[in-house]
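# Descriptive analysis of the structure
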Amino acid sequence: MASLAQQFCGLRCSPLSTTRLSKHFNHPTRQTQKPNSVRTVSAVAINNAETRERLKLKEIFEEAYERCLSAPMEGVSFTLEDFHSALENYDFNAEIGTKVKGMVYNIDANGALVDISAKSAAYLPVREACIHDIRHVEEAGIFPGLQEEFVIIDENEYDDSLILSLRSLQYDLSWERCRQLQAEDVVVKGKVSSANKGGVVALVEGLNGFVPFSQISSKSAAEELFNKEIPLKFVEVDEEQSRLVLSNRKAMADSQAQLGIGSVVIGTVQSLKPYGAFIDIGGMNGLLHVSQISHDRVADIATVLQPGDTLKVMILSHDRERGRVSLSTKKLEPTPGDMIRNPKLVFEKAEEMAQSFRQRIAQAEAMARADMLRFQPESGLTLTADGILGPLTTDLPAEGLDMSDIPPAEVLDHDIPPAEEDL
């Protein structure tokens, strides 16, 4: 560079000193190289420390691995023999019939595994999971995590595992419930599931009860009762002999005793005849005559009612000896013809109209008794101005029929339908 300047400009100058240049430019270079060398040394030191740590951990792991292979129980105070001995000394009653508490931890298509704190898991087969027939334990509400009380019913001879049951406990509860219901003399519902030459079998509280044909109030064939619910009462409850005998006749007698003239009941149309419809009211058939369907003339019953229809009817009469019940929807009509035009209104007003009917009946009976007393003073009773039926003399207790709540006849006249002359 200096040579070029001398040639073109004729200047004479000494060449640049490479020493000065190196001194000027090498100083910063030395300053920048020093930190790099420090970082390099530090990284090497760190890498060496990590390597030593890895090697140390590797040695520890290899020693532990060799110790597990050669002497796995070295330094352990509780040996495998001690563990088996503790299991043998564990006080666990595994006798058949023992009740145990356990937790379901796994289920499959055939049942459920249950932890009952025994040597091995116990098993609950699907057939023992419920008193009813089910295909999977989930149908009985059995899922992992469920804690329940079970009863031991058997032992698996192949692996010494225990077989559990919930159905046995449920049967015990069902028998206890049946004994309680028998003591209370209540009416229960039973669904007919099968029949034999002597009677039908009905399911009550999960148990199969037998109903002899002589204890069935209706003359229906067994096939007609299949899958139907019928009212029943308990005749015999014997758990030891597994005998459960029921009666439909006794239940129907109680139901019939509760049927009063003017009562409103809910029924189902069973069949239609030219002269009327047969209505099932709690297991007993009643006749709704064509003349008692509506105040308006009904030419064809099928235009008003169909088998299977549910409706409200009023009891007109009840012949207990002959087992006949007469029904009416005509008495429940707010206005004549509502049963044909608006049956929904009839059912909504049924209780109100029935109450009005009963009041008219009570008023008529009271008037008849009052007339009888006027012509028979020797009875010793009289009807006071307040409507109290009682003795003539004050020496006797003034007890009798209180008719003060009966409304005046004039108030009810406009509520009586035009065709009620037969009342």
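Residues numbered from 1 in each chain as written. Predicted model: local features only at pLDDT ≥ 70, side-chain atom pairs only at ≥ 80, totals over all residues. Heavy atoms only, no water.

## Side note on the sheet that holds strand β13 (residues 285-289)
Rules: By this definition, two strands are paired if DSSP reports at least two bridges between them. Runs of E in the DSSP output that reach at least two residues are strands. Runs of H or I that reach at least four are helices, and both are numbered from the N terminus. Axis definition: a line fitted to C-alpha atoms, over the contacting stretch in the case of helices. Angles run 0 to 180 degrees between N-to-C directions.
Pairing is mixed around the closed barrel formed by 5 strands, whose spatial order is β11-β12-β13-β15-β14. In this sheet, neighbouring strand axes are inclined to one another by 50° on average, regardless of whether the strands run parallel or antiparallel. In the sheet, strand β14 (residues 310-319) pairs with strand β15 (residues 324-328) via 5 bridges, with the strands oriented antiparallel. Its bridge partner being in β15, S317 is matched across the sheet by S326.

## Observations regarding the side chain of S161
Test applied: Contacts were defined at the residue level, with two residues in contact if any of their heavy atoms lie within 4.5 Å.
Assignment of secondary structure puts S161 in the loop between β4 (147-155) and β5 (162-165). Once residues lying within four places of it in the same chain are set aside, the contact partners of S161 are S120, A121, E155 and N156.

## Some points on the packing of aromatic side chains
Aromatic ring pairs are reported here in terms of the distance separating the ring centres and the angle at which the planes meet. Counted only if it meets this: Between 30 and 60 degrees the pair is tilted, below 30 it is stacked and above 60 it is edge-to-face, where a pair is any two Phe, Tyr or Trp rings, Trp via its six-membered ring, whose centres lie within 6.5 Å. Partly exposed describes any residue whose relative accessible area lies between the buried limit of under 20% and the exposed limit of over 50%, with all areas from a 1.4 Å probe on protein chains only and scaled to the type maximum.
Here the structure, examined in full by the defined rule, presents 2 aromatic pairs. Where F61 meets Y65, the ring centres are 6.5 Å apart and the plane angle is 15°; that geometry is what we call stacked. With F61 and Y65 both in helix α2 (residues 18-70), this residue pair falls 4 residues apart, about one helical turn. What makes F61 exposed here is its relative accessible area of 57%. Y65 gets classed as partly exposed once you look at its relative accessible area, which sits at 46%. Their ring planes at 90° and their centres at 6.3 Å tell us that Y275 and F278 sit as a pair that is edge-to-face. The class for F278 is partly exposed, based on a relative accessible area of 25%.

## A short note on a negative patch on the surface
Rules: What goes into a patch is any residue over 30% in relative accessible area without a salt bridge, connected to like charges within 9 Å or, for nonpolar side chains (Val, Leu, Ile, Met, Phe, Trp, Tyr), within 5 Å. Calculation of accessible area relied on Shrake-Rupley with a 1.4 Å probe; when residues are assessed, cover is drawn exclusively from the protein chains displayed. Criterion for a salt bridge: a side-chain nitrogen of Lys or Arg within 4 Å of a carboxyl oxygen of Asp or Glu. Charge counting follows a simple rule: Lys and Arg are positive, Asp and Glu are negative, and His as well as the terminal groups are ignored. For this purpose, a charge sits on NZ of Lys, CZ of Arg, CG of Asp or CD of Glu.
Where like charges cluster on the molecular surface, the negative patch consists of D154, E155, E157, D159 and D160. Looking at the secondary structure, you find E157 in the loop between β4 and β5. For E157, a relative accessible area of 65% gives the class exposed.

## Concerning the pattern of salt bridges
The final tally for this structure, using the stated rule, is 10 salt bridges. For E128, the salt bridge identified is with R167, shortest N-O distance 3.2 Å. Of this pair, E128 sits in the loop between β3 (122-125) and β4 while R167 sits in helix α4 (residues 167-184), placing them 39 residues apart in sequence. Residue class for E128 comes out buried when judged on its relative accessible area of 8%. The closest approach of N and O atoms between E239 and R179, which form a salt bridge, is 2.9 Å. On the criterion of sequence distance, the pair formed by E239 in the loop between β9 (229-238) and β10 (243-247) and R179 in helix α4 is long-range, its members being 60 residues apart. With relative accessibility at 30%, the residue R179 sits in the partly exposed group.

## Some details on unusual backbone geometry
A positive phi angle is found at D185, which is not glycine, with a value near 55°. Unlike most non-glycine residues, S242 shows phi in positive territory, near 55°. Looking at where S242 falls in the secondary structure, it is placed in the loop between β9 and β10.

## Side note on the environment of A94
Of note, A94 is situated in the loop between α3 (80-89) and β1 (99-107). Owing to a relative accessible area of 34%, A94 belongs among the partly exposed residues under this scheme. Between the C-alpha atoms of A94 and V151, which are 57 residues apart in sequence, the distance is 9.9 Å.

## With respect to the confidence of the model for the protein chain
One rule of thumb: low pLDDT means the predicted coordinates there are not for detailed reading. As a reminder of what qualifies: Confidence of the predictor at the level of single residues is given by pLDDT, which spans 0 to 100.
When pLDDT is averaged across the protein chain, the result is 76; 69% of the residues are at 70 or more. Across residues 1-34, where pLDDT falls below 50, the model places 9 contacts with residues more than four positions away in sequence or in other chains. The low-confidence segment residues 392-423 (pLDDT under 50) makes 47 contacts with residues lying over four places distant or belonging to another chain.

## Some points on the nonpolar core
For clarity, the cut-off: Grouping buried Ala, Val, Leu, Ile, Met, Phe, Trp, Tyr and Cys residues that are joined through side-chain atoms within 4.5 Å yields what is termed a nonpolar core.
With 27 residues, the main nonpolar core has I279, I281, I293, L305, L311, L327 and M339 as its most contacted residues. Residue assignment for this core shows that the elements contributing at least two residues are β11 (264-273), β12 (276-280), β14, β15, α8 (343-348) and α9 (350-375). In terms of nonpolar packing, the next biggest core, distinct from the first, is built from 20 residues, V104, I116, A122 and A129 among them.

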